[in-house]
Amino acid sequence: MTKRAWAPVIAVLVGFASIYLAAGSWLALVVCAAQLAFVRWRTWWLLVAVVLSAYAAVLLLGTSVGILGFAGGTLLLTRARPLAVGVVASAAVLGNVDATISAVLISLVIYGLTTLIGRVEEITATRLTLALSAAAEERLRIAAELNRGLGRALETIAAGARAGRPDAETARGSLAAAREAASGYRAMSLTPEITTARAMLTSAGITAEIRVGHEEPLGPAGALLAAILREAVTDVLRQSSARTCVIETGWEHGQVRLKVTTDGARTADDAFLDDLPARVEEAGGVLRTRLTDDGRLCVEAVLPDVRPKEQDHRSYTLSMALLAAVLTGFVVKGLLKTPADLLAPATLLLAVVVWLQMASVKGRHMGHLSVMAALTYLPLPLIGPSWLGIMGFLAGPVLLAFPWREAVPIAVAVAASTVLAGFFMELPVPVLINYALSTLVTAVVMYGLITLAQLLKESWDSRDALARMAVVEERLRAARDLHDLLGHSLAAILIKCELARRLGNPDSELREIAELAERAQSDLRAVSGDHRDLLLGPEADGARTVLSAAGIEVVIDLAHPPLPPEAETVLSTVLREAVTNVLRHSAARTCSITTAAAGDRVRLSVRNDGVTGGGGRRGSAGIGNLTTRLAALDGTLTTTAGGGWYELTAMVPACPSDPAGLGGDADGVGAVAGVELGDDPREVVAHGSCRQV
């Protein structure tokens, strides 16, 4: 970004100097070199060098006073900016009006370009800081929100257990609140649903292609699009003939678009979408299914993006004001040489030219360029030599509209046409050379100002996007921890409370409820951002306690070697989720928990009976959460089912290589490095069509 920003600045300054160098002023090289050095290092002696060399060129070599614009622009960048007025006044005394306007324009261009490049560098340098700050602020907001609700509920549960009153109602309400909060945090983003969709499709042997083109967070549209994606992918999994599935998202014209395309469908039946078309219509969007020309089923949803629109920042407004001022200055220079009887039409034409130039900032419109070419050449026979100065206004947009290999020859051709037109007007050779150089310099100035204005806007957008993504990642991390950590603890508390009531509130059960509540409070702090390592041994003991309380026979065999903390924490989280699923989605009577070394990896398996039906609960967050956590350590998750048994197996390297570069942080929040879907060559799969999560 910085190198790209510096290129037009250097080109503009060198272009200005070339005009005075062509006029025979060798000091223009000194002025240019000192100016470039000052823009980079900003020392007082470089300021003095620019001012003295510029005045020396005027007073000793007879250079046009326009070169004093270097001195004026340099002073505008310092606290001595009032002295720039004196520089312009001296130019007016020493030279003519045209040269004085040139000095003013050069001053403004130098000030504008240098200010813009400074803002670009500043914004680029603060991107990470802003993202970290946004993530921290969101973490604090989530912590305050959870502590107000779940934190107080856990305190109530613990106090009730100590007083001999197990509070199953509060535990049940807390579990529902945790699930609702996790769903709410996830609903702001399509990322977890896309992750889950890719894992499910791959596990079923379906080639999944992901093309992400939207910006996160999506706001209210996220929950609806996530539901559409979930139902569309579930329908794909039902079709045994499906072989490929393409998931695309995009944003254009204030709308968010989701498209799921798959083969293997014979009709465009949308019954699987249930009430989603009506919900999308209520939200002001459109949801439709159709068969493509090649026979593939396409589910496409378009929803309005109702996120608050970001306002243009003041620095961008300043860049536009500077561009308008410079364009106006060039126009005035042209009008000074225009015959009085042609001033009115020339002014009107130049107003249109300026408007077209300003429009070039928002996009490169070939229609505008065509109009600009017509306004450049057609008035020449009528207005005469004074119109030759407008040629640069055509060459500038050319540099923006075409690739460099095409743009540079075209811009040079425009400058050559200036010389050719001047030749037929019988202008002197020095004047022709001046017009040609002025055309190229004007083009570079227009290109530099517009490019830096665009770069500044891109820098703001990039920084804001990174901050938004950091917030999204923080929400997803909280949602995963609520589901995987706190959800397990609350489910265990609920089971224990109900068991204690049936057994007449024995002291042993009440103590365990209080201990579980304390552990849940620790989990809540982890959800709020306080990292806590988990150990497989204590987690397995906790799993035995909870499963036994539910009447399930438990067999535990932990034979894994010592593991790094991040690997053991992830496997412990997988164990928690697996035990929660045994309790929620099966009628298990036996459950085995085993760990073992498998080459250079460690395997955790949780196997239970009591599984009925061919599939699990649709739309669960479990697989998406666990695959995301394991992905950070190059781990895999597999599930198998058959004969009434279900087995979940997680594998992680004994010494994680951290291929994702996330440092063991599945969310990437610590480094503000969210995983970009579609760019990661790894596939984290969940084999088998039966899902218990």
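Conventions and cut-offs
Residues numbered from 1 in each chain as written. Predicted model: local features only at pLDDT ≥ 70, side-chain atom pairs only at ≥ 80, totals over all residues. Heavy atoms only, no water. Salt bridge = Lys/Arg side-chain N within 4 Å of Asp/Glu carboxyl O. Helix = DSSP H or I, 4+ residues; strand = E, 2+ residues; numbered from the N terminus. Buried < 20%, exposed > 50% of the residue type's maximum accessible area, 1.4 Å probe, protein only. Axes fitted to C-alpha atoms, helices over the stretch in contact; angles between N-to-C directions. Parallel < 35°, antiparallel > 145°, perpendicular 65-115°, else oblique. Left-handed = near helix turned anticlockwise from the far one by under 90°. Contact = heavy atoms within 4.5 Å. Patch = residues over 30% accessible without salt bridge, like charges linked within 9 Å, V, L, I, M, F, W, Y side chains within 5 Å. Areas by Shrake-Rupley, 256 points an atom, 1.4 Å probe, with all protein chains shown as cover. Lys, Arg positive; Asp, Glu negative; His and termini not counted. Charge placed at Lys NZ, Arg CZ, Asp CG, Glu CD. Pairing = 2+ DSSP bridges. pLDDT = per-residue confidence, 0-100.

S.K.: Can you help me understand the pattern of salt bridges in this one?
M.R.: Note on pairing: side chains with opposite charge can pair once their charged atoms come close. Applying the stated criterion across every chain yields a total of 14 salt bridges. Between Arg172 and Glu498 there is a salt bridge whose closest N-O contact spans 2.6 Å. Of this pair, Arg172 sits in helix H8 (residues 168-187) while Glu498 is found in helix H18 (residues 429-502), placing the two residues 326 residues apart along the sequence. Overall, the relative accessible area of 30% leaves Glu498 in the partly exposed class. Of the charged contacts, one joins Lys259 and Glu248 as a salt bridge, the two residues approaching to 3.9 Å between their closest N and O atoms.

S.K.: Quick question: what am I supposed to make of the packing of H18 against helix H20 (residues 536-549) here?
M.R.: The relative placement of two packed helices is expressed as an angle between their axes plus a distance between the axes. Where H18 meets H20, the axes come as close as 9 Å, and the angle between the chain directions of the two elements is 45 degrees. Classified by the interaxial angle, the pair formed by H18 and H20 is oblique. Considering how the two elements wind past one another, H18 and H20 form a crossing that is left-handed. On H20, the residues that touch Ala492, Ile495, Lys496 and Leu499 of H18 are Thr545, Val546 and Ala549.

S.K.: Could you clarify how one ought to interpret a negative patch on the surface in this entry?
M.R.: Taken together, the side chains of Asp274, Asp275, Glu281 and Glu282 make up a negatively charged region of the molecular surface. Tracing the backbone shows Glu282 in helix H11 (residues 276-282). Residue class for Glu282 comes out exposed when judged on its relative accessible area of 71%.

S.K.: Explain the sheet that holds strand E4 (residues 286-291) here, please?
M.R.: Within a sheet, each strand pairs with its neighbour through backbone hydrogen bonds, oriented either parallel or antiparallel. One open sheet holds the 5 strands; their spatial order is E1-E2-E3-E5-E4, and the pairing between them is mixed. Each edge of the sheet is formed by a strand with only one pairing partner; in this case those strands are strand E1 (207-211) and E4. Averaged over all pairs of adjacent strands, the angle between their axes in this sheet comes to 10 degrees, without regard to strand direction. With 6 bridges connecting them, E4 and strand E5 (residues 297-304) associate as antiparallel partners. When the sheet's bridge partners are listed, Leu291 is paired in E5 with Leu297. Against the sheet, helix H9 (residues 191-203) contacts E1 and strand E2 (244-252), and its axis sits at roughly 160 degrees relative to E1.

S.K.: Can you help me understand unusual backbone geometry in this one?
M.R.: Most peptide bonds take the trans configuration, and most residues that are not glycine carry a negative phi. Although it is not a glycine, Arg42 adopts a positive phi angle of roughly 55 degrees. Its location among the elements puts Arg42 in the loop between helix H2 (27-41) and helix H3 (44-61). Phi is positive for Glu426, which is not a glycine, with a value near 60 degrees. Its location among the elements puts Glu426 in the loop between helix H17 (404-424) and H18. The exposure class assigned to Glu426 is exposed, which follows from its relative accessible area of 71%.

S.K.: Even after reading the chapter, I still don't get the packing of helix H16 (residues 391-401) against H18, so can you show me in this structure?
M.R.: Relative orientation of the contacting elements H16 and H18 amounts to 45 degrees, with a least axis distance of 7 Å. Between H16 and H18, the interaxial angle falls into the category oblique. As H16 runs across H18, the sense of the crossing is right-handed. Within the contact between the two elements, H16 uses Met391, Gly392, Phe393, Ala395, Gly396, Leu399 and Leu400 and H18 uses Thr439, Thr442, Ala443, Val444, Met446, Tyr447, Ile450, Thr451 and Gln454.

S.K.: Just to check I follow, could you spell out the confidence of the model for the protein for this structure?
M.R.: As a note on interpretation, predicted positions should not be read in detail where pLDDT is low. This prediction gives the protein a mean pLDDT of 80; 87% of its residues lie at or above 70. Between the elements of the protein, mean pLDDT differs from a low of 74, seen in helix H22 (residues 622-631), to a high of 94, seen in helix H5 (residues 83-94). Contacts of residues 614-619 to residues separated by more than four positions or lying in other chains number 15 contacts, the stretch itself having pLDDT below 50. This stretch, residues 657-693, has a pLDDT under 50; its non-local contacts, to residues over four places away or in other chains, come to 106 contacts.

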